[in-house]
Amino acid sequence: ALDGKIGPSNIDSVVKHMPLCMSQLHTTLRQKNHLKHDGRFQYGLFIKGLGFSVDEALQFWREAFKVTDDKFNKEYQYNILHNYGLKGSGKNYAPKDCKSIIANNPPANSELVHGCPYRSLRPEELVGRLKNMGIEDRMELNKITDQVKNTNYHGACTRVLELTHPGLKVEEVVQHPNDYFLKGYGWQN
Ligand code: SF4
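Now for a quick tour of the structure.

Definitions and limits used
- Residues numbered from 1 in each chain as written.
- Predicted model: local features only at pLDDT ≥ 70, side-chain atom pairs only at ≥ 80, totals over all residues.
- Heavy atoms only, no water.
- Helix = DSSP H or I, 4+ residues; strand = E, 2+ residues; numbered from the N terminus.
- Rg over C-alpha atoms; globule rule 2.2 N^0.38 Å.
- Buried < 20%, exposed > 50% of the residue type's maximum accessible area, 1.4 Å probe, protein only.
- Contact = heavy atoms within 4.5 Å.
- Lys, Arg positive; Asp, Glu negative; His and termini not counted.
- Charge placed at Lys NZ, Arg CZ, Asp CG, Glu CD.
- Core = buried A, V, L, I, M, F, W, Y, C linked by side-chain atoms within 4.5 Å.

### Some remarks on the overall build of the protein chain
Okay, so step 1: For the protein chain, the count of helices and strands is 11 helices and 0 strands.
Okay, so step 2: Ordered by position from N to C terminus, the α and β elements of the protein chain give α-α-α-α-α-α-α-α-α-α-α.
Okay, so step 3: On C-alpha atoms alone, the protein chain measures out to a radius of gyration of 17 Å, which is about the 16 Å that the 2.2 N^0.38 rule sets for 189 residues.
Okay, so step 4: Principal-axis analysis of the C-alpha atoms gives the protein chain an extent of 50 × 35 × 30 Å.
Okay, so step 5: Within the span of the protein chain, comprising 189 residues, buried residues form 46% of the whole.
Okay, so step 6: Long-range contacts, defined here as pairs at least 24 residues apart, represent 54% of the contacts in the protein chain between residues at least 6 apart.
Okay, so step 7: Here the protein chain carries 25 positive and 21 negative side-chain charges, and the mean point of each set is 4 Å from the other.

Next up, the structure:
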């Protein structure tokens, strides 16, 4: 659907359309020039879903990690090729949906980066992130944290999509990070 419009050269300009699970991976990658394995897997499949070819993915990660080509080829290249079904089992992995991100392999305390932040962050941390996304309204913040308390992570995330894209009305709750992105990006482009 994105027809190759998004690639390594402009991904930073569309972070505002990403759900929090992916924008926090992107931001951490930019801050640390690194992501741990689970984060690389989650974010790597997400950008594949945005239309990154395998060559664009290799370019993106190589530039992001700022390591020598030798180190990159030895330590990271394999997993990226693997995501595209070009190594290992040959399985061409699809970007993960919310259900599997929420259910599988929740992050340990020391690495609250992959997974679903609505599930894994403490309420005050979540509110801090939401404020960084421009959501300041106390009533809205309370409604979102109430949804999270009731384990309605999809509902909370859907409301955040609407609030960060004024005028957008989302009929069905978000079930997939790439679907979240398409709705928000499509609304403003
Ligand atoms: Fe990501 Fe889905 Fe969680 Fe939203 S509900 S942050 S899209 S995993």
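### A word on the nonpolar core
Okay, so step 1: Residues Ile 11, Tyr 43, Ile 47, Leu 50, Trp 61, Tyr 118 and Phe 181 are the most contacted members of the largest nonpolar core, which totals 53 residues.
Okay, so step 2: When neighbours within four sequence positions are excluded, Ile 11 is seen to be in contact with Ile 6, Met 18, His 26, Arg 30, Tyr 43, Ile 47, Leu 50, Phe 52 and Phe 60.

### Quick word on the side chain of Ser 23
Okay, so step 1: Looking at the secondary structure, you find Ser 23 in helix α1 (residues 20-32).
Okay, so step 2: Under the relative-accessibility criterion, Ser 23 is labelled buried at 11%.

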